[in-house]
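What the coordinates show
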Amino acid sequence: MHLLPIFDVTENIVTALKQSLQVLLYAPTGAGKSTALPLYLLQQRLFDGKIILLEPRRIAAKSIAHYLAKQLNEEVGNTIGYRMKAESRVSKHTRLEVVTEGVLTRMLQDSPELTGVSLVILDEFHERSLQADFALALLLDVQSALRDDLRILIMSATLDYQKLNTLLPNAPIISAQGRSFPVERHYYPISSHQPFEQEVALMALRLLKQETGSMLIFLPGSGEIERVTALLKTQVTNDTLLFPLYGALSLEVQQKAIEPVKQGFRKVVIATNIAETSLTIEGIRLVLDSTVEKRAQFDVKSGITTLTRQRISQSSQTQRAGRAGRLEAGICWHLISQEQAQRLCVYQPPEILNTDLCTLWLSILQWGCRDINQLLWLDKPTIPALNAAKTLLVRLGAIDSDGGLTSRGTRMALWGVEPRLAAILDYASQQSDDHLVTAARLCAILEAPPRGHVHFNAVVSQKNIEWSRREKQLTKGIKGTFRHELFANLLAVGFPDRIAKNRDNQGRFQLANGQGVMMDNNEMLSNEPWIIAPLLLQNAHYADSRILLALPIDINEIARKFPELIQQDTRVEWDGKRGALIAWQQRLIGKLKLDQIELEKPNKQQMQYALLNWVRDNGLASLSLNEETLQWFIRLELASKWCPDANLPLLQEADLLETLQQWLLPELGDIQSLKALQQIDINMMIKNQLTWSENQLLDKLFPTHYLAPTGSKVAIKYDRELPPIIAIRIQEVYGEKQSPVVANGLLPVVMELLSPALRPIQKTASLATFWQGSYKEVQKEMKGRYPKHLWPDSPENTAPTRRVKKWS
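So, how was this worked out
Residues numbered from 1 in each chain as written. Predicted model: local features only at pLDDT ≥ 70, side-chain atom pairs only at ≥ 80, totals over all residues. Heavy atoms only, no water. Helix = DSSP H or I, 4+ residues; strand = E, 2+ residues; numbered from the N terminus. Areas by Shrake-Rupley, 256 points an atom, 1.4 Å probe, with all protein chains shown as cover. Lys, Arg positive; Asp, Glu negative; His and termini not counted. Charge placed at Lys NZ, Arg CZ, Asp CG, Glu CD. Pairing = 2+ DSSP bridges. Axes fitted to C-alpha atoms, helices over the stretch in contact; angles between N-to-C directions. Contact = heavy atoms within 4.5 Å. Expected span 1.5 Å × (residues − 1). Buried < 20%, exposed > 50% of the residue type's maximum accessible area, 1.4 Å probe, protein only. Domains from an automatic or database assignment. Buried area = accessible area lost by both parts, 1.4 Å probe. Salt bridge = Lys/Arg side-chain N within 4 Å of Asp/Glu carboxyl O. Polar contact = N/O pair within 3.5 Å; in protein donor to acceptor, adjacent residues only side chain to side chain. Phe/Tyr/Trp six-rings, centres within 6.5 Å; stacked < 30°, edge-to-face > 60°. Parallel < 35°, antiparallel > 145°, perpendicular 65-115°, else oblique. Left-handed = near helix turned anticlockwise from the far one by under 90°. Nonpolar A, V, L, I, M, F, W, Y, C, P; charged D, E, K, R; others polar. Core = buried A, V, L, I, M, F, W, Y, C linked by side-chain atoms within 4.5 Å.

**Description of the overall build of the protein**
- In terms of regular secondary structure, the protein is built from 28 helices and 31 strands.
- Reported as C-alpha extents along the three principal axes, the dimensions of the protein are approximately 105 × 75 × 60 Å.
- Counting only carbon and sulfur atoms, one obtains 48% of the accessible surface of the protein, whose full area is about 38000 Å².
- Charge-centre separation for the protein: the mean point of 91 positive side chains lies 3 Å from the mean point of 86 negative side chains.

And the structure:
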């Protein structure tokens, strides 16, 4: 082990850790950073407390712990231990703990000072997972406020040091050499006109035939892995063993993929990017890289996470190729052209910028922060995603109207699961032991869902070791009876927005949040009037998300059990036959109508709420918005884009429709009819959503009119995509040497110059260029057509005019 390259820099690392709170280590594949270095630091006894080694993946954490314990001739759980979801092996003798990301976060929440810990090592940090970024933010907070002796070592094979240097300017950077054998990298693009899995299988067979040794194939997901495995099974020789490797498999199955095979056999490991880092898969000499992965993309509007298939980054290509050179010289085929590979992004965007932030925000509140800026971030979470997280947490009862944790939210944070499941477990724990046992089974299924079944009834009776282990961990020894009939109520607690109403008895449903979802029309549930669908998958090719797992529900029972989910609403519609407005009292769950009754004599308040709903349904245009107001919306958008420092609110029609009750209702007075509503000055009300000073600032940045040298006020027409434009007679801008600009001089205004008959003759964003250039042609033509008007040779030095003036 002491021959590993990491030992060339261990003294530098030790010195840096003695002198600095944070240290950055760059160590390529094979350097020994994940195995040799933690053990070396432990044996040097630099610190009194424990060392925590964070690994992004469970299989890597468990493998590294076993490897390190073996180096000490010990069993795991003595000097070396590990902790992960549903499993841990530690004791009072443990001095180095290998933990997964969620575990480290819980350790920090349980003991903010990290009592007994001296060093935290963040391994494979280049993956930039949400939990790793959050863990770093918490650790930096601990260092600044509680522990000036806690050390952080950030390690990676490929690291974006520019951002880390900005965040940690005083952290020394240490680089180690890698120890990997030469890898020949070749680029072979595959046909996009043939099935992807078929092309990958053909290339795999070709590489196996040409070269000796075992192979690692990188594919984007479990579905592709299963299909390629099926294709290869009938083609490979008897001495070739196939092993799938992806996160949803049990640790036991994953372990088989990384263990050596018997002599005389070769193996093919077919994996997701779980095999990119940390793991050394025995015997691998060949790598077939599809150069594709699946990335989670959170849709703020729908609240659904989409798995998008996309090209990997250049750093991931390097990591994948490196798998072929861990134990001997190897070969890597990238299934992409070299030119295309070189155009890919260097690093993938960090997870924190495109994921659901509900768990993160609950954890931040648990930490004691209410402002995202109270913590230091490599990449700050986006405001829309944070707002979506806050909205869901309010719906789950975790935070109050002031944004603070409720008593329920405090309890939810302690469960260590994502907030929807935490809400279910907390509710169940307040009901009965039977509820909790049933909720634990439900959560275990949702954390590791099976494939191939949509109906919960086809799932709950399945035997699954991982589910059983997780159930025991969540119930904490409580004995109760599993009761399937409790599933619907439990799901309604955690997924109220996923209650869905049948739209056509052909598998299409509408969720309570308004989004459309679907299942195959031959599914048992396709004819159910109401279902709840906790697991959905957004498909880029369809408007509706696909339902992966669902349960039929009795909507009246849900409404009776959870009255807080029901909203009373008054709706109004125009009845053409009666020639009058008809008001309806409705019961709604989200945007889904349970039932309604006609109101014979609605009172003033009911009628006004009904009118507001009519406006929501028909849009602000139904109240006669004028062109000035439409331009006002556009100008605000442009202010947000071009002058963000002005901090003007970005109000759009959708925002105003959402908040009608706050700004329009107080102005209705005695209005109770549609005719009276359509006569109000809605344009002034909208403009008054900004303060006087904000409207003044908007007028200054994006004025509504251009004041011509002649004194004429000419309207500026703004567009969301095109430059602003004014139309003006050319004679009125004589003497102007430059075109007007808006947005503090950042955005030129296009001038559409008109003839004396108001016909367009030229458009220009640079008046000076026009005077010196194409004006000569315009002058020549216009003098012949309009001889009584002024067409000077030097228009930039000529006084403007609105009058006819005989040319002389």
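**Looking at the sheet that holds strand 9 (residues 183-187)**
- Ordered in space as 9-16-13-10-12-11, the six strands form an open sheet in which the pairing is parallel. Looking at strand neighbours, the two that pair on one side only are strand 9 and strand 11 (240-245), the edges of this open sheet. With strand direction ignored, the average angle separating the axes of adjacent strands in the sheet is 15°.
- Taken strand by strand, helix 9 (residues 251-258) contacts strand 11 and strand 12 (266-271), and its axis lies near 135° from that of strand 11.
- Helix 10 (residues 314-322) contacts strand 9, strand 10 (214-218), strand 13 (284-289) and strand 16 (330-334) of the sheet and is inclined by roughly 130° relative to strand 9.

**Regarding the sheet that holds strand 7 (residues 151-156)**
- Spatially, 4-3-5-2-6-7-1-8 is the arrangement adopted by the eight strands of the open sheet, whose pairing is mixed. Only two strands of the sheet have a single neighbouring strand rather than two, namely strand 4 (87-89) and strand 8 (173-175). Averaged over all adjacent pairs, the angle separating strand axes in this sheet is 20°, with direction ignored.
- Sheet topology places strand 1 (residues 22-26) next to strand 7; five bridges connect them, and they run parallel. Residue pairing across strands places Leu24 opposite Ile154, the latter belonging to strand 7.
- Against the sheet, helix 5 (residues 130-145) makes contact with strand 1, strand 6 (117-122) and strand 7, and its axis sits at roughly 155° relative to strand 7, the strand it touches most.

**Looking at helix 8 (residues 222-233)**
- For helix 8, which comprises twelve residues, the first-to-last C-alpha distance of 16 Å matches the rise-based estimate of 16 Å (1.5 Å per residue) to within 8%.
- Among all positions of helix 8, only Gly223, Glu224, Ile225, Val228, Thr229 and Leu232 are buried.
- Taken together, the buried residues of helix 8 touch helix 7 (196-210), strand 10, strand 11, strand 12, strand 14 (292-299) and strand 15 (304-311).

**Quick look at the domain arrangement of the protein**
- Segmenting the protein into domains produces domain 1 (5-175), domain 2 (183-352), domain 3 (373-557), domain 4 (621-692) and domain 5 (705-797).
- The gap between the C-alpha centroids of domain 2 and domain 3 is 32 Å.
- Approximately 1300 Å² of surface area, both sides summed, lies buried where domain 2 meets domain 3, with 56% of it carried by carbon and sulfur atoms.
- Across the contact surface, domain 2 and domain 3 share zero salt bridges.
- Where domain 2 touches domain 3, the interface holds zero residue pairs in polar contact (both at pLDDT 80 or more).
- Elements represented by at least two residues in the side of domain 2 that touches domain 3 include exactly helix 8, helix 9 and strand 15.
- For the side of domain 2 that touches domain 3, the element with the highest residue contribution is strand 15, accounting for four residues.

**Some details on the packing of aromatic side chains**
- Throughout the structure, instances matching the rule amount to twelve aromatic pairs.
- When the centroid spacing of 4.8 Å and the interplanar angle of 65° are considered together, the rings of Tyr188 and Trp333 count as edge-to-face. Placement of the pair is Tyr188 in the loop between strand 9 and helix 7 and Trp333 in strand 16, with a sequence separation of 145 residues.
- Ring centres of Phe702 and Tyr718 lie 5.9 Å apart, and the angle between their planes is 70°; on these two criteria the pair is classed as edge-to-face.

**Some points on the side chain of Ser20**
- Considering the arrangement of structural elements, one finds Ser20 in the loop between helix 1 (10-19) and strand 1.
- The class for Ser20 is buried, based on a relative accessible area of 15%.
- Every residue in contact with Ser20, bar those within four places of it in the chain, is listed here: Arg151, Asn170 and Pro172.

**Description of the packing of helix 5 against helix 12 (residues 358-367)**
- In the contact formed by helix 5 and helix 12, the axes pass within 11 Å of each other and the chain directions differ by 15°. Comparing their axes, helix 12 and helix 5 come out roughly parallel. As for how helix 5 packs across helix 12, the hand of that crossing is right-handed. Along its contact with helix 5, which presents Leu130, Gln131, Phe134, Leu138, Asp141 and Val142, the element helix 12 presents Thr359, Leu360, Ser363, Ile364 and Trp367.
- Among the residues making up the contact of helix 5 with helix 12, the classes are represented as seven nonpolar, three polar and one charged.

**Notes on unusual backbone geometry**
- Phi at Asn73 is positive, roughly 55°, even though this residue is not glycine.
- Mapped onto the elements, Asn73 comes out in the loop between helix 3 (58-71) and strand 3 (80-84).
- Look at Arg128: it is not a glycine, yet its phi comes out positive at around 50°.
- Relative to the elements of secondary structure, Arg128 occurs in the loop between strand 6 and helix 5.

**Describing the nonpolar core**
- Counting residues in hydrophobic clusters, the biggest one holds 101 residues, and the most contacted among them are Leu122, Phe456 and Ile499.
- A total of ten residues in this core trace back to one element, the largest contributor, which is helix 5.
- In this structure, Ile499 is in contact with Gln510, Leu511, Ala512, Trp530, Ile531, Ile532, Ile553, Ile555, Ile558, Leu565, Ile589 and Leu592, ignoring residues within four places of it in sequence.
- Core analysis: the second largest hydrophobic core is formed by 64 residues, Trp614, Leu668, Leu677 and Ile686 among them.

**Here's the deal with the side chain of Asn613**
- The topology assignment puts Asn613 in helix 20 (residues 604-618).
- Judged by relative accessible area, which is 3%, Asn613 ranks as buried.
- Within polar-contact distance, the side chain of Asn613 engages the side chain of Arg616 at 2.8 Å.
- Among all residues touching Asn613, those that are not within four sequence positions of it are Asp569, Thr570 and Arg571.

**Some points on the pairing of strand 5 (residues 96-99)**
- Of the two faces of strand 5, the one holding Leu96 and Val98 and the one holding Glu97 and Val99 are both buried throughout.
- Direction of pairing for strand 2 (residues 50-54) relative to strand 5: parallel, over a ladder of four bridges. For Leu54, the partnering residue across the bridge sits in strand 5 and is Val99.

**Quick look at the packing of helix 12 against helix 13 (residues 383-395)**
- Where helix 12 meets helix 13, the axes come as close as 8 Å, and the angle between the chain directions of the two elements is 75°. Judged by the angle between their axes, helix 12 and helix 13 are roughly perpendicular. Together, Cys358, Trp361 and Leu362 of helix 12 and Leu386, Ala389, Lys390, Leu392 and Leu393 of helix 13 make up the contact between the two elements.
- Of the residues that constitute the contact of helix 12 with helix 13, the class distribution is seven nonpolar, no polar and one charged.

**Description of the environment of Ile680**
- Inspection of the secondary structure assignment puts Ile680 in the loop between helix 24 (674-677) and helix 25 (682-687).
- In this structure, the C-alpha to C-alpha distance between Ile680 and Phe218, residues 462 residues apart in sequence, is 63 Å.
- With sequence-adjacent residues up to four places away left out, Ile680 is seen in contact with Leu664, Ile671 and Met685.

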